[in-house]
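What follows is each chain in one-letter form.
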Amino acid sequence: MGRLDKLPPYLFAEIDAARDRAAAQGVDVVDLGVGDPDQPTPKALVDLAAAAVRLPEHHRYPPGRGDARLRRAIAGFLRRRHGVDADPESEILVLVGSKEGIAHLPLALVAEGDNVLVPDVGYPVYTEASILAGAEPRLFPLSVDRAFLPDPRVLGRLADARTRLLWLNYPNNPTGAEAGAGLYAPLAELAEARGFVLANDAAYLEVSLDGHRPVSLLEAVDHRRQRVIEFHSFSKMFNMTGWRLGFAVGNSGVVGQLARVKQSIDSGAFAALQEVAAAALAIGAADRLLVDVMKPYAQRRRAIAAALAKAGLAVFPTQATFYVWARVPAGETSLGFCGRVLRDLGVVLTPGVGFGPGGEGWFRISLTAPDDRIAVAARRLEDL
Ligand SMILES: Cc1ncc(COP(=O)(O)O)c(C=O)c1O
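Computed from a predicted model, the values in this text were never measured in an experiment.

1. A look at the sheet that holds strand β12 (residues 362-366)
Right, so step 1: What the three strands build is an open sheet, ordered β9-β12-β11; its pairing is antiparallel. What marks the edges here is a single partner per strand, and that holds for β9 (323-327) and β11 (350-351).

2. Concerning helix α14 (residues 371-382)
Right, so step 1: Helix length check: α14 (12 residues) gives 17 Å between terminal C-alpha atoms against 16 Å at 1.5 Å per residue, within 8%.
Right, so step 2: Considered for burial, the residues of α14 that qualify are Ile 374, Val 376, Ala 377, Ala 378, Arg 380 and Leu 381.
Right, so step 3: Close packing links the buried residues of α14 with β1 (30-31), α12 (285-310), α13 (334-345), β10 (347-348) and β12.

3. Some thoughts on the site of the ligand
Right, so step 1: As a structural note, the neighbourhood of the ligand is formed by 15 residues, with Asp 201, Ser 233, Ser 235, Lys 236 and Arg 244 the closest of them.
Right, so step 2: Asp 201 is positioned with one of its side-chain polar atoms (N or O) 2.6 Å from a nitrogen atom of the ligand.
Right, so step 3: Note that an oxygen atom of the ligand is positioned 2.6 Å from one of the side-chain N or O atoms of Ser 233.
Right, so step 4: If you tally residues by element for the shell around the ligand, the top one is helix α5 (residues 98-109), at three residues.
Right, so step 5: When its residues are assigned to classes, the shell around the ligand shows five nonpolar, six polar and four charged.

4. Some points on the domain arrangement of the protein chain
Right, so step 1: What the domain assignment lists for the protein chain is domain 1 (3-40 + 295-382) and domain 2 (43-286).
Right, so step 2: A straight line from the C-alpha centre of domain 1 to that of domain 2 covers 26 Å.
Right, so step 3: Contacts between the two partners involve 33 residues from domain 1 and, on the opposite side, 34 residues from domain 2.
Right, so step 4: Taken together, the links from domain 1 to domain 2 amount to one salt bridge.
Right, so step 5: Arg 3 is the partner of Glu 112 in a salt bridge, and the nearest nitrogen-oxygen pair spans 2.4 Å.
Right, so step 6: In this structure, the connection of domain 1 to domain 2 is made through 12 residue pairs in polar contact (both at pLDDT 80 or more).

5. Here's the deal with the packing of α12 against α14
Right, so step 1: Following both chains from N to C, one finds α12 and α14 inclined at 10°, their axes separated by 8 Å at the closest point. The orientation of α12 with respect to α14, classified from their angle, is roughly parallel. Along its contact with α12, which presents Pro 296, Gln 299, Arg 300, Ala 303, Ile 304, Ala 307, Leu 308 and Lys 310, the element α14 presents Asp 371, Ile 374, Ala 378, Leu 381 and Glu 382.
Right, so step 2: Its residues placed into classes, the contact of α12 with α14 shows eight nonpolar, one polar and four charged.

6. A few points about the packing of aromatic side chains
Right, so step 1: According to the stated counting rule, one finds 17 aromatic pairs in the structure shown.
Right, so step 2: Measuring from centroid to centroid gives 5.0 Å for Tyr 126 and Trp 167, while their planes differ by 25°, and the two rings are stacked. Taken as a pair, Tyr 126 in helix α6 (residues 125-132) and Trp 167 in strand β5 (residues 163-168) lie far apart in primary sequence, 41 residues in all.
Right, so step 3: Overall, the relative accessible area of 0% leaves Tyr 126 in the buried class.
Right, so step 4: Consider the rings of Phe 322 and Tyr 323, whose centres lie 5.0 Å apart with planes at 75°: the pair is edge-to-face.
Right, so step 5: Accessibility expressed as a relative area gives 0% for Phe 322, which makes it buried.
Right, so step 6: What links up through ring pairs into an aromatic cluster is the set Tyr 10, Phe 12, Phe 148, Phe 316, Trp 325, Phe 355 and Trp 362.

7. Quick look at unusual backbone geometry
Right, so step 1: Cis rather than trans, the peptide bond between Asp 120 and Val 121 has omega equal to 20°.
Right, so step 2: Within the element layout of this structure, Val 121 appears in the loop between β3 (115-120) and α6.
Right, so step 3: Look at the link from Asn 173 to Pro 174: it is a cis peptide, with omega at 15°.
Right, so step 4: Within the secondary structure, Pro 174 sits in the loop between β5 and α8 (181-194).
Right, so step 5: Look at Phe 148: it is not a glycine, yet its phi comes out positive at around 60°.

8. Overview of the environment of Leu 139
Right, so step 1: Secondary-structure assignment places Leu 139 in strand β4 (residues 136-141).
Right, so step 2: Assessed through its relative accessible area of 40%, Leu 139 is described here as partly exposed.
Right, so step 3: For the pair Leu 139 and Pro 357, spaced 218 residues apart in sequence, the C-alpha to C-alpha distance is 9.6 Å.
Right, so step 4: Those residues in contact with Leu 139 that lie beyond four places of it in its chain are Val 118, Pro 119, Asp 120, Thr 127, Leu 158 and Pro 357.

9. Quick word on the sheet that holds strand β6 (residues 197-201)
Across a sheet, strands are paired by hydrogen bonds formed along the backbone, either parallel or antiparallel in direction.
Right, so step 1: Strand order in this open sheet of seven strands is β2-β8-β7-β6-β5-β3-β4, and the pairing throughout is mixed. Both edges of this open sheet fall to β2 (92-95) and β4, since each of them pairs with a single strand only. Strand-to-strand twist in this sheet, taken as the mean axis angle between neighbours without regard to direction, amounts to 25°.
Right, so step 2: On the sheet, helix α4 (residues 68-82) packs against β2, β7 (228-233) and β8 (246-250) and is oriented at approximately 115° with respect to β2.
Right, so step 3: Strands β2, β6, β7 and β8 of the sheet are contacted by helix α10 (residues 252-263), whose axis makes an angle of about 30° with β2.

10. Concerning α10
Right, so step 1: If you check α10, its first and last C-alpha atoms are 16 Å apart, about what 12 residues at 1.5 Å a residue would give, namely 16 Å.
Right, so step 2: Buried within α10 we find Val 254, Val 255, Leu 258, Ala 259, Val 261 and Lys 262. One side of α10 holds all its buried residues, which, seen down the axis, span an arc of 160°.
Right, so step 3: The elements touched by buried residues of α10 are β2, α5, β6, β7 and β8.

Rules used in this analysis
Residues numbered from 1 in each chain as written. Predicted model: local features only at pLDDT ≥ 70, side-chain atom pairs only at ≥ 80, totals over all residues. Heavy atoms only, no water. Pairing = 2+ DSSP bridges. Helix = DSSP H or I, 4+ residues; strand = E, 2+ residues; numbered from the N terminus. Expected span 1.5 Å × (residues − 1). Buried < 20%, exposed > 50% of the residue type's maximum accessible area, 1.4 Å probe, protein only. Contact = heavy atoms within 4.5 Å. Near = heavy atom within 4 Å. Polar contact = N/O pair within 3.5 Å; in protein donor to acceptor, adjacent residues only side chain to side chain. Nonpolar A, V, L, I, M, F, W, Y, C, P; charged D, E, K, R; others polar. Domains from an automatic or database assignment. Salt bridge = Lys/Arg side-chain N within 4 Å of Asp/Glu carboxyl O. Axes fitted to C-alpha atoms, helices over the stretch in contact; angles between N-to-C directions. Parallel < 35°, antiparallel > 145°, perpendicular 65-115°, else oblique. Phe/Tyr/Trp six-rings, centres within 6.5 Å; stacked < 30°, edge-to-face > 60°. Arc of directions from axis to C-beta.

What follows is the structure in structure tokens.
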């Protein structure tokens, strides 16, 4: 069996097809499925990019680990916003979107037959990339009784001598759950004791309500002593999903291993865009931009949560991410429920099982649709 044959079916393609069929039949579909911000990239950044594209120096191959100004800007941003001290030379690596680094990390760490600990529920790339690298993904449960945080004892039992990597994702997609030092510190110790890498996918670290600050793994764990790495993204921070920029930060050994893999695969992100990203992170700019980018989500969350409450559906409370994670009505499956909502109400939701078997009984709403479309969806969902 080839590695591609081992990949799980891609549920999201089926959901897109069902959405397109409904739209073709004339249904006014509100798509709250995929987490892709509806707002454009802030105008100041687009203007900078337009000028940066014209500079011939940007038309050549970008520098290996990323533009030095951008890596310094990332270090400054992490220090100011999260109190994290990272060396731009050896502990920061620019990525072609965080997904690129997340997908390549197993290639750096595993041999055929090794295993990777992957959260259920979770972003499908952790499982897929483990399989593509020849490793076995081992699912560990995230459940509502533990606020969607893993039980370190369960992880201790699941890990064995062939475990190379443990994936976390906080703030979490799809649940919105957040972690702090109380989880990160014991898991970093477990990873250290058993000799595997602890990775946190922090693509949503800056996506939060009303100035709330979720905690970085590197605020809680000393990356100079422990083999930890964290993945960050410009995509959701600055409405830049199409630009493809992210970065990894952490232990210099692990960052170096990932850089080595990337050397054989890509030649870095377009230098003009790296210059824009550096400007976005400059002192003062980042905090102002983030306030503007995050502003719409608070009111959208309230509108959707109120509609679901009227419909009698329980929502997992959170101040992070732009997702609402809620229970399907008693007696329905997540796939059946989301199919019914698309057919009867013309609203696209994501069934919890799209994130793993542990998502049964739940569904996800993305708040990345314009305010008026969120209002339409909220009115329809009240009548569930
Ligand atoms: C949990 C999580 N991690 C990583 C990514 C990838 O983001 P990007 O590659 O755009 O930085 C996403 C995108 O939706 C995500 O949901």
